[in-house]
There are 2 protein chains.
Amino acid sequence: MKIIQRNEVTSLKRSVDQGTEEQRESVKKIIQEVRTEGNTAVKRFTELFDGVSLDQWQVTEDEIDEAYESVDGEFVKILSEAAANIRKFHEKQQSNSWFHTSEDGSILGQKITPVDAAGIYVPGGTAAYPSSVFMNVIPAQVAGVERIVMVTPPGKDGKVPAGVLVSAKLLGVTEIYKVGGAQAIAALAYGTESLTAVDKITGPGNVFVALAKREVFGDVDIDMIAGPSEIAVLADDTARGEEVAADLLSQAEHDARSSSVLVTTSEKLAKDVQQAVHNQMETLPRYEIVKASIEDYGAIVICDNKKEAISTINEIAAEHLEIVTENPFEDMAKVKHAGAIFLGPYSSEPVGDYFAGPNHVLPTSGTARFSSPLSVDDFVKKSSVISYSGQALREHGDKIAQFARLEGLEAHARAIETRKGRWE
Amino acid sequence: MKIIQRNEVTSLKRSVDQGTEEQRESVKKIIQEVRTEGNTAVKRFTELFDGVSLDQWQVTEDEIDEAYESVDGEFVKILSEAAANIRKFHEKQQSNSWFHTSEDGSILGQKITPVDAAGIYVPGGTAAYPSSVFMNVIPAQVAGVERIVMVTPPGKDGKVPAGVLVSAKLLGVTEIYKVGGAQAIAALAYGTESLTAVDKITGPGNVFVALAKREVFGDVDIDMIAGPSEIAVLADDTARGEEVAADLLSQAEHDARSSSVLVTTSEKLAKDVQQAVHNQMETLPRYEIVKASIEDYGAIVICDNKKEAISTINEIAAEHLEIVTENPFEDMAKVKHAGAIFLGPYSSEPVGDYFAGPNHVLPTSGTARFSSPLSVDDFVKKSSVISYSGQALREHGDKIAQFARLEGLEAHARAIETRKGRWE
C-alpha cells in the first residue's frame, strides 16, 4: 500500500462508469423495444442475456415458500434482526407534513406523500445480497409506498437466489419478476402487459442497468448511480494498525476498482497499517481483487496535523469514513462530506453494511459532496400548500399584481385583480 | 376551451423537451470545449451565441450598484417584502441533524451539512425574472451554502437586466458571471481559470441549458428539468367562473405549450369558465400564446362526482393545483400528487409565484408523482453516523460476521473478528 502526498489524493478518484458508445446504443434499443413490444421484448432479452426462456416471469408464491424452506433457520433469525434494526433507524427519518398559520388567516405548509409505486432492482448471481433487498425495500415501506415491485435476473435454471426471495418474504414483498438488465429498468419505467409501471426505481446493477436508469430518468425518478465502493479512515496514534488494515481490506474485496485510503497524523500507524494490510491480504479468498484494488486505489496519506487531515478527508468525500481518533465526535463535527461516518474503534465499517440500521446505499466517487444515503426521503415527495385569506389578498393583492406586471405577465396580474370585487 | 372525457386527460400530457440529436451533439461539444479550454471557450461561445465580446465576464460591484440606482424604489420595496416571505417559509423547511442512543452505548444518527457551493442559472431577456433569483437563491442561503454563484447570459450590449442584479443585491449575492447556455452550465460544473466549480446547479433555462444540466448530472447535482408550466383547477358550484378562468389564463400566458385544465363536478361552472376564458383572453397582451395554449392543452373535464374528480386530479399530477370547492382542506387531504396546492377562492395561483413564500420551482409534466418543489433540502446532504459500542459489538459481532460470510465477503467478516481481542 503506497504512501502518497496530500495533493495526490485526487488521483485516486474513479468516475462512474459511463459505458461505451456501443453499450449506450444497445441500452437505448432495449428500452425502445420493451416500450413498444412489452412482454414479448422482455422474454426475448431474457433469453438472449440470461440464457433462459421463461413463459411465466412473475415469481410464484410456491417459489418463495420453497426458498424459505431451503435456508438455514439461524440465518433467517439474523436476517430478521437486521431487518428490524434497519426499520427502526429508517423510522426516525420520517418527516411530518407541517403548516404555519398567520394572524391574517392564511395558512402555508408542506404536505408529504409517498410515491405510489417503487421498483427495486436486485442484481443476480454472487451480487444477489439479502442486505441490498433490505436497504432498498425498507425505506420505501417506512415511507408508506403502497406497491413495491422487485426485479432480479434469473439464473440459467430460471431461478432466483433463495436469499433474495427469503429477504423479500421477510419484508412482505410479493410482486417479484425474473428480469434483469436494461430490460428490467425499461419494464419498470414504462410497464408491460403484465407489469404496471412504477414511479421510482432504486437498487444497484451492472453498467447496463446504470445506463438504463440514466436513460429513463425524468420519466420516472431514480436513485443515484453508484460507482465502486470506497473507504477513508481518519486515524491517529490511538488506532490499532491491524484493525484499520482489516477495515481497509473489507472495502478492497468488493471490486478491483474499490478505493481504500488511510489519512493519518501518525507515522507509526501508517507503517503498522502498511504492514498489516500486506500480511492480512495474503489469506483472503478474494486475494486477486483485493491486491488489484489496494495497488491501484489504496493509499496512505500522512498529514502534519489534524486540520490538514480533516481537510484531506473533506476533499476525498468518501462513501464510508471511519474516524478512529482520540476524540472522534469532535472530529466528526468538522467533517463536511461523507456518505456514512463510523466513529471509534468498535465501529468497523461492516457493522453498517448489514446490521446497525443506517442504509448501506451511499454516495460514491466523491458525490457525498452533494448526495445523501438512500433514505425514506427518496420515496416521498412534497407538495406546497397555500391557503390565502381574504384579508391577506386585500393587503397584498396590489403588490402581487404589480410584481406580475413588472415581470411582463399581465394575465397573472389580472387573475389577482379579478378578485377585487371580493375585497373592495 | 374544449370539454373532454376523463380518460382523455392523458392526451394533454407534454413531455420535457429532449432536444434534437443536433442540439444534443452541440451541447456535448460545448461542454467538452469549456472543460479543456476554460475561459477561452466561454468567451468564444458568448460571442457566438450572445453576440457580444466580453473581456471581463464577472459582473462588477459598480454594475450592481448602477442597476440598483436605476430601478423604482417602490418595486425594490415589494421585492424586499417578497424575499422576506420566501425566506420565512423556507426557514421552516430546515431539518436538524439527529441522533438516537441505545442503552448498550451505541449512537446512530444523521448529520446534515450544506453543499459547499451552488450555481444558479438565471435566464436572459424577457425571462430574466427577479422571482426566479429569489426562488433559487433563498433556499440555498437558508440551507447554509457558503458560496452562491449566479450565471446569466448578457444582452447584445453586454449587460444583465437590472431586475436580476437588484434581486441579487437584495440577497447579498455578489459572484455573478455574464454567461449563459450550455457554456454556463459547463463552467459551473467543471470550473474555468476564473470560475471555481460548484457542487449543485439549479435554475431554469432553454433547451440547451436543460440538455447541458442533464449531461453534467452525476459530476455535480442538478435540480429537476422543467417542462412547460401547468395548472389544474378542482372546482365545484361554489367557485366563480371568471376567477377560475383568469387563473387558467395566467398559466396559459407562459408558453404555447402550457396546460390549463379545469376538473369539475358542476356543468354550470364548466360553461361559465368556458365563456369567461373566451372573453378574457381577447384582451390579453400575450393573446397568441394564450390562444395556442388553451386550444392545444386547455380542457375542461366534467366528472360525475367528487371521488372521480379527485382521481382525475391525481392522474394529472399537476404542477399547480387550485382547489376551489366547498371544503378545500378535506379535498386536499385526498390529493396525492401536485407540486403546489392552492386552497380556496383567495389563493389565486400568482399569489404563489411571487409573494406568499413557497417556492415556485415545481415539478411539471406529471413528475409531481415523484418530485418535490425546490427546497432547502435540495442544498443539503446527509451523512449517516454510526458509533458502535464495545458492548454492541460483543453482542452482535458474531452475527454480523456470519451475515458477511453468507454474502461471500470474508474480509468483511474478518474486519469484525479482528476486534475479538477487545471483547473476549
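Computed from a prediction, not measured in an experiment: that's the story for all the values here.

Undergrad: What is the right way to read the overall build of chain A from this model?
TA: Scanning chain A for helices and strands turns up 17 helices and 14 strands. With the principal axes as the frame, chain A shows a C-alpha extent of 85 × 60 × 45 Å. Across the 424 residues that make up chain A, the buried fraction comes to 61%. When contacts within chain A are restricted to residue pairs at least 6 apart in sequence, long-range pairs at least 24 apart make up 75% of them. Carbon together with sulfur atoms contributes 47% to the accessible area of chain A, which is approximately 16,000 Å² in total. Between the centroid of the 43 positive side chains of chain A and the centroid of its 64 negative side chains there is a distance of 6 Å.

Undergrad: Looking at this structure, I do not really get the UniProt feature "binding site: substrate" (unreviewed entry) in chain A. What am I missing?
TA: All names here are of chain A. The sites that UniProt annotates as "binding site: substrate" (unreviewed entry) are Ser229, Gln251, His254, His320, Asp353, Glu407 and His412. Annotated residues spanning 184 residues; largest pairwise C-alpha distance 56.3 Å, indicating distribution over more than one region. For His254, the location among the structural elements is in the loop between α9 (241-252) and β10 (259-264). Inspection of the secondary structure assignment puts His320 in strand β12 (residues 320-324). With residues up to four places along the chain from it excluded, the contact list for His320 reads Ser229, Glu230, Ile231, Ala232, Gln251, Ala340, Phe342, Glu349, Asp353 and Leu362.

Undergrad: Looking at this structure, I do not really get the domain arrangement of chain A. What am I missing?
TA: For interface size, the figure often reported is the accessible area lost on association. For chain A, the assigned domains are domain 1 (2-14 + 227-356), domain 2 (21-222) and domain 3 (388-423). The C-alpha-based centres of domain 2 of chain A and domain 3 of chain A are spaced at 47 Å.

Undergrad: Is there a simple way to explain the pattern of salt bridges in this structure?
TA: By the definition in use, this model includes 60 salt bridges over all chains. Notably, a salt bridge pairs A:Glu33 with A:Arg44, separated by 2.7 Å at the nearest N-O pair. Separated by 11 residues along the polypeptide, A:Glu33 in helix α1 (residues 21-37) and A:Arg44 in helix α2 (residues 39-50) bring together distant segments of the chain. Judged by its relative accessible area of 33%, A:Arg44 is partly exposed. B:Glu315 is the salt-bridge partner of B:Arg6, the closest N and O atoms lying 3.6 Å from each other. Of this pair, B:Arg6 sits in the loop between β1 (2-4) and α1 (21-37) while B:Glu315 sits in helix α12 (residues 306-316), and the two are 309 residues apart along the sequence. For B:Arg6, a relative accessible area of 25% gives the class partly exposed.

Undergrad: Sorry if this is basic, but what is going on with the sheet that holds strand β11 (residues 298-302) of chain A here?
TA: Taken in spatial order, the nine strands make up an open sheet running β1(A)-β11(A)-β10(A)-β9(A)-β12(A)-β13(A)-β14(B)-β3(B)-β2(B), and their pairing is mixed. Each of the sheet's edge strands pairs with one partner strand only, and the pair in question is β1 (2-4) of chain A together with β2 (98-101) of chain B. Between one strand and the next, the sheet's axes are offset by a mean angle of 20°, whatever the strand orientation. Two elements, β2(B) and strand β3 (residues 107-114) of chain B, share four bridges in a ladder whose sense is antiparallel. By the bridge assignment for β3(B), B:Thr101 is matched with B:Ile107. Across the sheet, helix α11 (residues 287-297) of chain A lies against β1, β10 and β11 of chain A, angled at about 40° from β11(A), the strand it touches most.

Undergrad: Is there a simple way to think about empty space enclosed by the protein in this case?
TA: Space left empty within the atom packing is revealed by a probe, the size of a water molecule, rolled over the atoms. The full count for this structure, using the stated rule, is six cavities of 30 Å³ or more. At the level of elements, β9 (230-235), β10 and α12 (306-316) of chain A are the ones that each hand at least two residues to the lining of the largest cavity. With three residues, the top contributor of residues to the lining of the largest cavity is β9(A). Its residues placed into classes, the lining of the largest cavity shows seven nonpolar, four polar and four charged. Here the second largest cavity defines a volume of roughly 110 Å³. Around the second largest cavity sit B:Val9, B:Leu12, B:Lys13, B:Arg14, B:Glu230, B:Ile231, B:Ser259, B:Val261, B:Ile316, B:Ser365 and B:Gly366, which together line it. The set of elements that each furnish at least two residues to the lining of the second largest cavity consists of β9 (230-235) and β10 (259-264) of chain B.

Undergrad: Which parts of the structure should I look at to understand the packing of aromatic side chains?
TA: What characterises a pair of aromatic rings is the spacing of the ring centres plus the angle enclosed by the ring planes. A full pass over the atoms with the stated rule returns 11 aromatic pairs over all chains. Taking 5.0 Å as the distance between ring centres and 20° as the angle between the ring planes, the aromatic pair formed by A:Phe217 and B:Phe217 counts as stacked. Residue A:Phe217 is found in the loop between α8 (207-216) and β8 (221-222), and its partner B:Phe217 is found in the loop between α8 (207-216) and β8 (221-222); the two belong to separate chains. Seen from their ring centres, A:Phe403 and B:Phe75 are 5.9 Å apart, and the 90° between their planes marks the pair as edge-to-face. Of this pair, A:Phe403 sits in helix α15 (residues 390-406) while B:Phe75 sits in helix α4 (residues 73-91), each in a different chain. Each member of the pair, A:Phe403 as well as B:Phe75, is classed as buried. One residue, A:Arg35, lies across the ring of A:Tyr190, its end atom 3.8 Å from the ring centre. Taking the ring centre of B:Tyr346 as reference, the NZ or CZ of A:Arg422 above it sits at 5.5 Å.

Undergrad: Which parts of the structure should I look at to understand the sheet that holds strand β5 (residues 147-152) of chain B?
TA: In sheet architecture, strand pairing relies on hydrogen bonds along the backbone and comes in two forms, parallel and antiparallel. Residue and element names in this part refer to chain B. Ordered in space as β6-β5-β4-β7-β8, the five strands form an open sheet in which the pairing is parallel. Strand pairing shows two members of the sheet lacking a second neighbour, β6 (175-178) and β8, which therefore form its edges. Judged from the three bridges that link them, strand β4 (residues 117-121) and strand β7 (residues 200-202) form a sheet pairing that is parallel. Counterpart to Ala118 in the pairing with β7 is Lys200. Most of the contacts of helix α5 (residues 130-143) go to β5, to which it runs at about 165°, and overall it touches β4, β5 and β7.

Undergrad: Even after reading the chapter, I still don't get the interface of chain A and chain B, so can you show me in this structure?
TA: Between chain A and chain B, the residue contacts involve 110 residues of the former and 110 residues of the latter. Where chain A packs against chain B, one counts 16 salt bridges. At the junction of chain A with chain B, the criterion picks out 68 residue pairs in polar contact (both at pLDDT 80 or more). When residues in the side of chain A that touches chain B are grouped by element, the largest group, nine residues, is from α15(A). For the side of chain A that touches chain B, a count of residues per class yields 49 nonpolar, 30 polar and 31 charged.

Calculation rules
- Position labels on residues start from 1 in each chain and follow its written sequence.
- Starting at A for chains and at 1 for ligands, labels are handed out in the order in which the entities are written.
- The model is predicted, so local features are restricted to residues of pLDDT at least 70 and side-chain atom pairs to those at 80 or more, both for listing and for counting; the totals for chains, interfaces and linings are taken over all residues.
- Computation of side-chain values covers all heavy atoms of the structure but excludes hydrogens and water.
- Numbering goes from the N terminus for both helices and strands, where a helix is a DSSP run of H or I of at least four residues and a strand is a run of E of at least two.
- Buried residues are those whose accessible area, probed at 1.4 Å on protein chains only, stays under 20% of the maximum for their type, while exposed residues exceed 50% and partly exposed ones sit between those limits.
- Contact definition: two residues touch when any of their heavy atoms are within 4.5 Å.
- Note that accessible areas follow from Shrake-Rupley with a 1.4 Å probe, and for residues the cover is restricted to the protein chains shown.
- Counted charges follow a simple rule, with Lys and Arg positive, Asp and Glu negative, and His plus the chain ends left uncounted.
- Working definition for charges: the position is that of NZ of Lys, CZ of Arg, CG of Asp or CD of Glu.
- UniProt positions are given in the numbering used here, feature names are shortened, and annotations may be inferred rather than shown by experiment.
- Each domain's extent is set by a domain assignment, obtained either automatically or from a database.
- A side-chain nitrogen of Lys or Arg and a carboxyl oxygen of Asp or Glu constitute a salt bridge if their distance falls within 4 Å.
- Note on pairing: two strands pair once DSSP finds at least 2 bridges between them.
- Only the stretch in contact is used when fitting a helix axis, every axis being a line fitted to C-alpha atoms; angles between N-to-C directions are given from 0 to 180 degrees.
- In this analysis, the protein atoms alone were mapped onto a 1 Å grid. Cavities are point sets where a 1.4 Å probe fits without being able to get out; pockets are open sets with protein on both sides within 12 Å along at least five of seven lines; lining residues have an atom within 4 Å of a point.
- Grid points are joined across faces, edges and corners, and a volume is the space filled by probe spheres set on the points.
- Amino acid classes used here: Ala, Val, Leu, Ile, Met, Phe, Trp, Tyr, Cys and Pro are nonpolar; Asp, Glu, Lys and Arg are charged; the rest, including Gly, are polar.
- What counts as a ring pair is set by centres within 6.5 Å for rings of Phe, Tyr and Trp (its six-membered ring), and what kind of pair is set by the plane angle: stacked under 30 degrees, edge-to-face over 60, tilted for all other angles.
- When the NZ atom of lysine or the CZ atom of arginine is within 6 Å of a ring's centre and also within 35 degrees of its normal, the charge is said to sit over that ring.
- In protein, a polar contact requires one atom able to donate a hydrogen and another able to accept it; more generally it is a pair of N or O atoms within 3.5 Å, and residues adjacent in sequence count only if both atoms are side-chain atoms.

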